[in-house]
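Close look at the chain arrangement
Okay, here's what each chain looks like letter by letter:
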Amino acid sequence: MAVETKTPAKNPAQGNRNSGRSGEPRRDAPRSGSPSHPRPTRPAEPKPAKPAEPKVIELPESISLRDLATKINVSPINVIRELMQNGVMATINQQLDFDTAAIVASAFGWEARPIPIVVESQIPEEVAVTPDGKPAPAGRVMTLKQRLLAKEQAENESALKLRPPIVTVMGHVDHGKTSLLDAIRKTDVASAEAGGITQHIGAYMVEHQGKKVTFIDTPGHEAFTAMRARGAQVTDIAVLVVAADDGVMPQTREAIAHARAAQVPIIVAINKIDKPNANPELVKKELSELGLVPDEWGGNTLFIPVSAKQRKGIEDLIEGILLVAESLDTIKANPNRRAVGTIIESHLSKSKGAMATVLVQNGTLNVGDSFVAGGVHGRVRAMFDFRGQSVKKAGPSVPVSITGMSEVPIAGDVFEVVEDERTARALAAQHQAKREREGNVQRATSLEQYFAMAKASKTKKMFFIIKADNQGSLQPIVEQLQKLNSTIGSEKGEEVRLEVIHQGTGDVTESDVNLAIASGAVILGYEVQVDTAARRKAESNHVDIRLYNVIYNLLEDVELAMKGMLAPRIVEKVVGAAEVRQTFKIPKVGVIAGVRVTNGVAMRNAKARILRGDQVLHTGPVASLKRLTEDVKEVRQGFECGVSIEGFENFKPGDVIEFIVQEEQTS
């Protein structure tokens, strides 16, 4: 009988010999310092829960607070509160840049990423190049201007053919611009217009002895100065209409300035020669003093007498236009490429939706083409000529109205046909994001930018608008500036030239600023002021206005800019404005103005400019700034405060106080 051998019972506390603490199996490796005892292992710790991945959201370069709140599914109030905690005060409609929006989004569990824009992999091969025709680096974003430049440089000269000249009709209001076009087109547009004044830009084509000419009729009223500048920029030749019985007027001078800024030849049409008091010779004399010397006097400007009312001289005018066009030898285009042009005007039609007048400047536009115009994209659904007749295509210099846009485009935007709707949509989004980021500002050139370009030998011309208190001051300034061309131009190999595109007496006006925007000019003023509307427009469009009390300082700044040696300057910046509501006279203190801050911030350490209407009454330091009974450093928009200004006590309700700080400007 076999003897049963019993195994000793396990001691639970002792555990298994082949196990470590807590009954875990031992490792085969010996303990450290004890080869006979294996190393025990630690119990496996539970893995921490994987954090939830943030939700991803794509944001543009600029977005309103309201739209951001909608995208991240929170109340706008919560977004405002989050911004306040980060020291940012914002309203519900305020635009936030990408970085600010991304910080807010992350606070609510979102990871913000920029919206993809057109890069090399997203655009067709023919546009994925640099302006010099080489392949673009991966991820390179090409602007519309670069795309156009690349295409133009790639075009074969042999593909260019003569096109009809584009002519802009310009001049003083009521000098007969539209009536002249009526005579040319044998239509009667003027009688249908309110007050006989053109209300919008229109483009028309006429044919003379088998040759075509495109006319752009620009508004002549003062309110349309900026539109007139846009008309001059898309034209080949400018026709300046001057009434023989009226002579040179302020808007005549502005029209000349716009044409010169666009660097186009000018033909003078002396209108209304049928009137008894007509004096064409006086018109020639006045214009010759402005640099437009008649060819019969040895100059290079065609002067053609016409009568729009009696239809006299019309053929001579058209023949003169064709003659000048032939002498230019640059009025050519390639009709066998995609169309490029300019939006001349746009509006919303109740029956047809968004419509725009497009002036085709190169290529051929066809029904069905996909296009982009600024931040607007679309596909040409229908196309009409200037007579309203439906057409299927439009070649160079042909104006047409089109439908099929995503929205109404902005007049003056570049119009370009692209490969397909997908490309058009992407380019429009890219342009719109840039426009929102820059606040839709058309940036003019500053004297510092001229200086930088001169230093790098990258500039050929500097444009200036000169305003002075009287003719006695104006003429010497202009003459001395012109002399800089011969002195500095020869020193720098004539790489830098200045051109005075407009000169006049009196304060700087909004019309001057419009011209500066259109031409990229710097405004120089001697012993003059800047009216309120002009100052605001200049600030919002970054127009450089420089005011001087000493002629030598004006000339020195321009000379240094031309030489590329201009030093940084101190500029004034309006940081806030307040309206005077009432006044208080306090013994031993003086008169205190009780004001409400209407814009920006009222600052204690600032200068104050007191305005009554457009008149500047006084400029001086802020003596005191009180909120209730306490002295404060600043008061923000919407709040009331008390202000005293050194050297001024004649406050009246309705006066505006602008608060100004000085900053160093280097670019």
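Remember, predicted model here, so these are calculated numbers, not experimental data.

**A short note on helix α8 (residues 280–288)**
Considered for burial, the residues of α8 that qualify are V283, K284 and L287. The buried residues of α8 occupy an angular sector of 100° when projected down its axis, which confines them to one face. The secondary structure elements touched by the buried residues of α8 are β11 (237–243), α7 (250–261), β12 (266–271) and β13 (302–305).

**Brief notes about a nonpolar patch on the surface**
Taken together, the side chains of F584, I586 and V589 present a nonpolar region at the surface, about 270 Å² in accessible area. In this fold, F584 is placed in strand β27 (residues 569–586). The class of F584 is partly exposed, set by a relative accessible area of 41%.

**Description of unusual backbone geometry**
Even without being a glycine, N73 presents a positive backbone phi close to 60°. The topology assignment puts N73 in the loop between α1 (65–71) and α2 (76–85). Given the relative accessible area of 63%, N73 is considered exposed. Residues other than glycine seldom take positive phi values, yet R311 does so here, at roughly 55°. Tracing the backbone shows R311 in the loop between β13 and α9 (314–328). Relative accessible area serves as the criterion here: at 46%, R311 is assigned to the partly exposed category.

**Here we look at the environment of V206**
Inspection of the secondary structure assignment puts V206 in strand β9 (residues 202–208). Sequence separation between V206 and L181 is 25 residues; the distance between their C-alpha atoms is 9.9 Å.

**Topic: the sheet that holds strand β25 (residues 522–526)**
A sheet is described by the order of its strands in space; here four strands give the open sequence β24-β23-β25-β26, paired in parallel fashion. Pairing within the sheet leaves two strands with one partner each, and these edge strands are β24 (497–505) and β26 (545–548). Pairwise comparison of adjacent strand axes, ignoring direction, gives a mean angle of 25° for this sheet. Alignment of strand β23 (residues 461–468) against β24, held across eight bridges, turns out to be parallel. Considered in β24, the bridge of I465 is made with H502.

**Re the nonpolar core**
Core analysis: the biggest nonpolar cluster contains 26 residues, and L180, I184, F215, I267, L317 and I321 have the highest contact counts within it. At the level of elements, β8 (166–171), α5 (177–185), β10 (211–217), β11, β12, β13 and α9 are the ones that each hand at least two residues to this core. Formed by 21 residues, the second largest nonpolar core is a distinct cluster that contains V597, A608, I610 and V643.

**Considering the packing of aromatic side chains**
Taken as a whole and assessed by the stated rule, the structure comprises three aromatic pairs. Taking the centre distance of 6.3 Å and the plane angle of 85° together, the rings of Y204 and F386 count as edge-to-face. Placement of Y204 in strand β9 and of F386 in the loop between β19 (376–384) and β20 (393–394) is noted, with a sequence separation of 182 residues between them. Here Y204 falls in the buried class, since its relative accessible area comes to 13%. Residue placement shows K352 over the ring face of F384; its charged tip is 4.2 Å from the ring centre.

**Some points on empty space enclosed by the protein**
Under the counting rule described, the total for this entry stands at two cavities of 30 Å³ or more. Taken together, M170, A238, V239, L240, A255, I256, A259 and I266 form the lining of the second largest cavity. Of all elements in the fold, only β11 and α7 reach the threshold of two or more residues within the lining of the second largest cavity. Among the residues making up the lining of the second largest cavity, the classes are represented as eight nonpolar, no polar and no charged.

**Considerations on the side chain of T403**
For T403, the position within the fold is in strand β21 (residues 399–405). Leave out the neighbours within four places in its chain, and T403 touches K352, A354, M355, R379, V380, R381, A382 and F384.

**Concerning the pairing of β23**
Of all eight residues in β23, seven are buried; the element is thus mostly enclosed. Pairing analysis gives five bridges linking β23 to β25, with the strands arranged parallel. Opposite I465, over in β25, you have I523 as the bridge partner.

**Digging into the sheet that holds strand β22 (residues 414–418)**
Taken in spatial order, the six strands close into a barrel running β15-β16-β21-β19-β18-β22, and their pairing is antiparallel. On average, adjacent strands in this sheet sit at an angle of 45° to one another, irrespective of strand direction. By the bridge criterion, five bridges tie strand β16 (residues 353–362) to β21 in an arrangement that is antiparallel. Among the inter-strand pairings, M355 is bridged to a residue of β21, identified as T403.

**A few points about the packing of α5 against α9**
Across the interface, α5 lies against α9 with an axial gap of 10 Å and an inter-helix angle of 90°. On the basis of their axis angle, the class for α5 and α9 is roughly perpendicular. Contacts between α5 and α9 involve L180, A183 and I184 from the first element and I314, L317 and I318 from the second. Its residues assigned to classes, the contact of α5 with α9 comprises six nonpolar, no polar and no charged.

**Comments concerning the packing of helix α13 (residues 510–519) against helix α14 (residues 532–540)**
At a minimum axis distance of 8 Å, the contact between α13 and α14 shows a crossing angle of 20°. Between α13 and α14, the interaxial angle falls into the category roughly parallel. Across from E510, V513, N514 and I517 in α13, the residues of α14 making contact are A533, A534, K537 and A538. Split by residue class, the contact of α13 with α14 holds five nonpolar, one polar and two charged.

**As for the pairing of β11**
Side-chain direction in a regular strand flips from residue to residue, so the side chains alternate between the two faces of the sheet. Most of β11 sits out of view: seven of its seven residues are buried. Residue alternation in β11 divides its side chains into two sets, I237, V239, V241 and A243 and A238, L240 and V242, and both sets are buried. Two elements, β8 and β11, share five bridges in a ladder whose sense is parallel. Looking across to β11, one finds that T168 is bridged to A238. The pairing of β11 with β12 spans six bridges and is classified as parallel. The residue of β12 that forms the bridge with A243 is N271.

Cut-off values and rules
- Residues numbered from 1 in each chain as written.
- Predicted model: local features only at pLDDT ≥ 70, side-chain atom pairs only at ≥ 80, totals over all residues.
- Heavy atoms only, no water.
- Buried < 20%, exposed > 50% of the residue type's maximum accessible area, 1.4 Å probe, protein only.
- Helix = DSSP H or I, 4+ residues; strand = E, 2+ residues; numbered from the N terminus.
- Arc of directions from axis to C-beta.
- Contact = heavy atoms within 4.5 Å.
- Patch = residues over 30% accessible without salt bridge, like charges linked within 9 Å, V, L, I, M, F, W, Y side chains within 5 Å.
- Areas by Shrake-Rupley, 256 points an atom, 1.4 Å probe, with all protein chains shown as cover.
- Salt bridge = Lys/Arg side-chain N within 4 Å of Asp/Glu carboxyl O.
- Pairing = 2+ DSSP bridges.
- Axes fitted to C-alpha atoms, helices over the stretch in contact; angles between N-to-C directions.
- Core = buried A, V, L, I, M, F, W, Y, C linked by side-chain atoms within 4.5 Å.
- Phe/Tyr/Trp six-rings, centres within 6.5 Å; stacked < 30°, edge-to-face > 60°.
- Lys NZ or Arg CZ within 6 Å of the ring centre and 35° of its normal.
- 1 Å grid on protein atoms, 1.4 Å probe; cavity = no way out; pocket = protein on both sides within 12 Å on 5 of 7 lines; lining within 4 Å.
- Points joined across faces, edges and corners; volume = space filled by probe spheres on them.
- Nonpolar A, V, L, I, M, F, W, Y, C, P; charged D, E, K, R; others polar.
- Parallel < 35°, antiparallel > 145°, perpendicular 65-115°, else oblique.

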